[in-house]
Amino acid sequence: MSFFSMMLKMSEGLSKTCAIFFLTLLFSLPLGMLVALMRMSRNRFISTVTRGIISVLRGTPLMLQLLAVTYGPYYLFGFSVSRNKLIPVVIAFAINYAAYFAEIYRGGIESIPKGQYEAAQVLGYSRLRTFLRIILPQVVKRIMPSITNEVVTLVKDTSIAFTVSYQEMFTIGKQIANSQTSFLPFVVAGIFYFAFNAIVDFGMGRVEKRLNYYR
Amino acid sequence: MTQETRPGTPVLELRNIEKSFSGSTVLRDISVTVNRGNVVSIIGPSGSGKSTLLRCASFLETADGGDILYDGEYAMQGGRYADKDMLWNFRSRFGLVFQNFNLFPHYSVLKNISEPPTLRGVSKAEAEEKARLLLGKMGLSGRENAYPYQLSGGQQQRVAIARALALEPEILYFDEPTSALDPELTGEVLKVIRQLADEKMTMVIVTHEMAFARAVSEWVVFMDGGVIVEEGPPDLVLQNPEMERTRQFLTNYEK
Ligand SMILES: Nc1ncnc2c1ncn2[C@@H]1O[C@H](COP(=O)(O)OP(=O)(O)O)[C@@H](O)[C@H]1O
Ligand SMILES: [Mg+2]
């Protein structure tokens, strides 16, 4: 098999890689905020439970979590989440990344000086308005570099979907590598991930620049 | 001293305010009345409870006991605050200027000043016009589109004063408005406050600027250890204090 046809074959899996990537972000970014707010809840029960969940999600391999979501229900209850592997993959990824994003959000929110809340309160901002208009925009700016880090990691983590044989780019590459006894597919995969991340870097850089109008 | 020496209608009355933080008493039976058009300065060593008192009056801290009245209406009675909506209404009666400005860094100068009034039903156009007017008064015309980080500390504090004034408060609180500033920048802020005093703005000013306190205020309150040690007209309290503790404090400041 030629280098070119390898690339062609693997790029067919690229759309699935993209699907994992974008769907994970779509769900985990907002879910992370919800988790962060629960983690910071004044209700001790909610915050403690949330903290425990976050620590399990961050303390165990994503691969294990993916296997659990994909096959766990079958072993426990005798049914699968879905025939389409994309669904358990996205569920596992979104939950895992939400835990990481939650900690980033929390760090960002806690880094905003108390004086911002106090000024807003005295000036008549409601609590919701204070959060949405005063706090959140500043948090977004502060956490952008950490978010970029996670997004770059996510691009590479999509390859973990090979453990449940979801036909994304890396899984196809690995199959070719096995059948052709060639190392070349891994080189191709490396090039794809690197190019993907170059685009991500460029995009996130643009966003960070746009937020640079104030300090 | 009684009301007779300070005629006028009270804008703010603090009666027997008590406040403690986790067991340690920070304010003990504090009563202060501020009449319309008057300037009251609060002086005292660090940790004496000056900020806490202003923060109780502006609902940033919850006092444990006492009464807080604005224009004779209870915002707090016997340690119980009015309901949320009432407090929101009371908040429009006072403004608070912080030591470190607390401007919103992601808002332009104009938006910092003009957004809060729109939360109370003022139209955006009207609020912006008012903001421009106030900026002119603060000597900051032309800086509407600047962001706070582009301004000096003195300019930021003047924006913060404009922001407080935009809500047309009946009384303005200052918590050490020049303490975070380089010495060469304190003058421009004090000048603005003085101008407000000349216009008969009602104000309570926590300050370490004794000469300034003496020049602008009708009444000076000296606090120490959570109690009012001595109060009276500035010429008495600052020039000829009765209490030994006041004298000590002032001597330390002259050095
Ligand atoms: N949020 C708080 N929690 C615990 N102690 C506090 C808090 N705020 C102030 N204090 C204490 O209350 C006392 C008075 O503080 P403060 O009102 O800031 O004094 P001042 O403004 O006169 O320097 C200090 O001993 C301070 O440590
Ligand atoms: Mg203070």
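The model shown is predicted, which means the values in this text are computed figures rather than measured ones. (Residues numbered from 1 in each chain as written. Chains lettered and ligands numbered in written order. Predicted model: local features only at pLDDT ≥ 70, side-chain atom pairs only at ≥ 80, totals over all residues. Heavy atoms only, no water.)

Overview of empty space enclosed by the protein
Under the counting rule described, the total for this entry stands at two cavities of 30 Å³ or more. Taken as a whole, the largest cavity spans an internal volume of roughly 80 Å³. Residue assignment for the lining of the largest cavity shows that the elements contributing at least two residues are α5 (114-122) of chain A together with β7 (94-97) and α5 (153-165) of chain B. No other element matches the four residues that β7(B) contributes to the lining of the largest cavity. Here the second largest cavity is characterised by a volume of approximately 50 Å³. In this structure, the second largest cavity is lined by B:L12, B:L14, B:V32, B:I42, B:L53, B:L54, B:A57, B:Y173 and B:V204. Of all the secondary structure elements, the ones that give two or more residues to the lining of the second largest cavity are β1 (10-21) and α1 (50-57) of chain B. Top element by residues in the lining of the second largest cavity is α1(B). It accounts for three residues. Considered class by class, the residues forming the lining of the second largest cavity number nine nonpolar, no polar and no charged. (1 Å grid on protein atoms, 1.4 Å probe; cavity = no way out; pocket = protein on both sides within 12 Å on 5 of 7 lines; lining within 4 Å. Points joined across faces, edges and corners; volume = space filled by probe spheres on them. Helix = DSSP H or I, 4+ residues; strand = E, 2+ residues; numbered from the N terminus. Nonpolar A, V, L, I, M, F, W, Y, C, P; charged D, E, K, R; others polar.)

Regarding the packing of helix α3 (residues 109-118) of chain B against helix α4 (residues 124-137) of chain B
Residue and element names in this part refer to chain B. α4 packs onto α3 with a crossing angle of 130° between their chain directions and a minimal axis gap of 8 Å. In terms of axis orientation, α3 runs oblique to α4. Seen along the crossing, α3 lies across α4 with a hand that is right-handed. Between α3, through V109, L110, I113, S114, P117 and T118, and α4, the contact on the second element is made entirely by K124, A127, E128, A131, R132 and L135. The residue inventory of the contact of α3 with α4, partitioned by class, reads seven nonpolar, two polar and three charged. (Axes fitted to C-alpha atoms, helices over the stretch in contact; angles between N-to-C directions. Parallel < 35°, antiparallel > 145°, perpendicular 65-115°, else oblique. Left-handed = near helix turned anticlockwise from the far one by under 90°. Contact = heavy atoms within 4.5 Å.)

Considering the pairing of strand β5 (residues 73-77) of chain B
All names here are of chain B. As paired elements, strand β4 (residues 65-70) and β5 share three bridges and run antiparallel to each other. What sits directly across from I68, in β5, is M76. The hairpin formed by β4 and β5 contains two residues between the paired strands, and D71 there has a positive phi angle of roughly 50°. Across two bridges, β5 lies against strand β6 (residues 80-81) in antiparallel orientation. Paired with M76 across the two strands is Y81, which belongs to β6. Between the antiparallel neighbours β5 and β6 lie two residues, among them G78 with a positive phi of about 55°. (Pairing = 2+ DSSP bridges.)

Some points on the interface of chain A and chain B
Contact with chain A, which involves 19 residues of that partner, is made by 24 residues of chain B. Interface area for chain A against chain B, summed over the two sides, is near 2100 Å², with a carbon-plus-sulfur share of 59%. Three residues, A:V122, A:L123 and A:Y213, lead the burial of chain A against chain B; their summed loss comes to 30% of the area buried on that side. At the boundary of chain A with chain B, the tally comes to two salt bridges. (Buried area = accessible area lost by both parts, 1.4 Å probe. Salt bridge = Lys/Arg side-chain N within 4 Å of Asp/Glu carboxyl O.)

Digging into the domain arrangement of chain B
Residue and element names in this part refer to chain B. Here chain B is partitioned into domain 1 (1-93 + 171-255) and domain 2 (99-169). Summarising the inter-unit geometry, the C-alpha centres of domain 1 and domain 2 are found 24 Å apart. Taken residue by residue, the interface counts 23 residues in domain 1 and 18 residues in domain 2. Approximately 1600 Å² of surface area, both sides summed, lies buried where domain 1 meets domain 2, with 65% of it carried by carbon and sulfur atoms. On inspection of domain 1 and its partner domain 2, the count reaches two salt bridges. Taking the shortest distance from any N to any O, the salt bridge between E188 and R158 comes out at 2.8 Å. Counting across the interface, domain 1 meets domain 2 through six residue pairs in polar contact (both at pLDDT 80 or more). The leading source of residues in the side of domain 1 that touches domain 2 is helix α6 (residues 183-198), at seven residues. Among the residues making up the side of domain 1 that touches domain 2, the classes are represented as 13 nonpolar, four polar and six charged. (Domains from an automatic or database assignment. Polar contact = N/O pair within 3.5 Å; in protein donor to acceptor, adjacent residues only side chain to side chain.)

A word on the site of ligand 1
Residues and elements named next belong to chain B. With respect to spatial proximity, the complete set of residues near ligand 1 consists of F21, V26, P45, S46, G47, S48, G49, K50, S51 and T52. Here an oxygen atom of ligand 1 sits 2.5 Å away from a polar atom, N or O, in the side chain of T52. Taking 560 Å² as the accessible area of ligand 1 by itself, protein coverage stands at 58%. If you tally residues by element for the shell around ligand 1, the top one is α1, at three residues. (Near = heavy atom within 4 Å. Areas by Shrake-Rupley, 256 points an atom, 1.4 Å probe, with all protein chains shown as cover.)

Quick notes on the sheet that holds strand β3 (residues 39-43) of chain B
All names here are of chain B. Spatial strand order, β7-β8-β9-β3-β10-β11: six strands in an open sheet with mixed pairing. Strands with a single pairing partner mark the edges of an open sheet, and in this sheet they are β7 and β11 (227-232). Going from strand to strand, the sheet's axes swing by 15° on average, the running direction of each strand aside. Packing of α5 onto the sheet brings it into contact with β7 and β8 (171-175), and relative to β7 it is tilted by some 170°.

Focus: the layout of surface pockets
The computed volume of the largest pocket comes to approximately 1200 Å³. A:R42, A:Y117, A:Q121, A:R127 and A:T130 are the residues nearest the centre of the largest pocket, which is lined by 30 residues in total. Breaking the lining of the largest pocket down by element, the ones donating at least two residues are α5 and α6 (127-157) of chain A together with α2 (84-91) of chain B. Residues that form the lining of the largest pocket fall into these classes: 15 nonpolar, six polar and nine charged. If you go around the second largest pocket, you meet 14 residues; those closest to its centre are A:Q116, A:Q138, A:R215, B:L103 and B:P105. Take the lining of the second largest pocket: its biggest share by element is three residues, from α6(A).

Observations concerning the packing of aromatic side chains
Across all of its chains, the model carries 20 aromatic pairs over all chains by this definition. Arranged with centres 5.7 Å apart and planes meeting at 80°, the rings of A:Y125 and B:F104 form a pair that is edge-to-face. Taken as a pair, A:Y125 in the loop between α5 and α6 and B:F104 in the loop between β7 and α3 lie in two separate chains rather than in one. Take A:Y125 and B:F104: they sit in the same class, and that class is buried. Aromatic side chains B:Y70 and B:F90 sit 6.0 Å apart centroid to centroid with 40° between the ring planes, which places their arrangement in the tilted category. Note that B:Y70 is positioned in strand β4 and B:F90 in helix α2, a separation of 20 residues in sequence. Through pairs of rings, three or more aromatic residues link up here, namely B:F59, B:Y70, B:Y81, B:F90, B:F94 and B:Y173. The lysine or arginine in question, B:R120, covers the ring of B:W88, its NZ or CZ lying 3.9 Å from the ring centre. Across the ring face of B:F104, the terminal group of B:R163 is positioned such that the distance to the ring centre comes to 4.8 Å. (Phe/Tyr/Trp six-rings, centres within 6.5 Å; stacked < 30°, edge-to-face > 60°. Buried < 20%, exposed > 50% of the residue type's maximum accessible area, 1.4 Å probe, protein only. Lys NZ or Arg CZ within 6 Å of the ring centre and 35° of its normal.)

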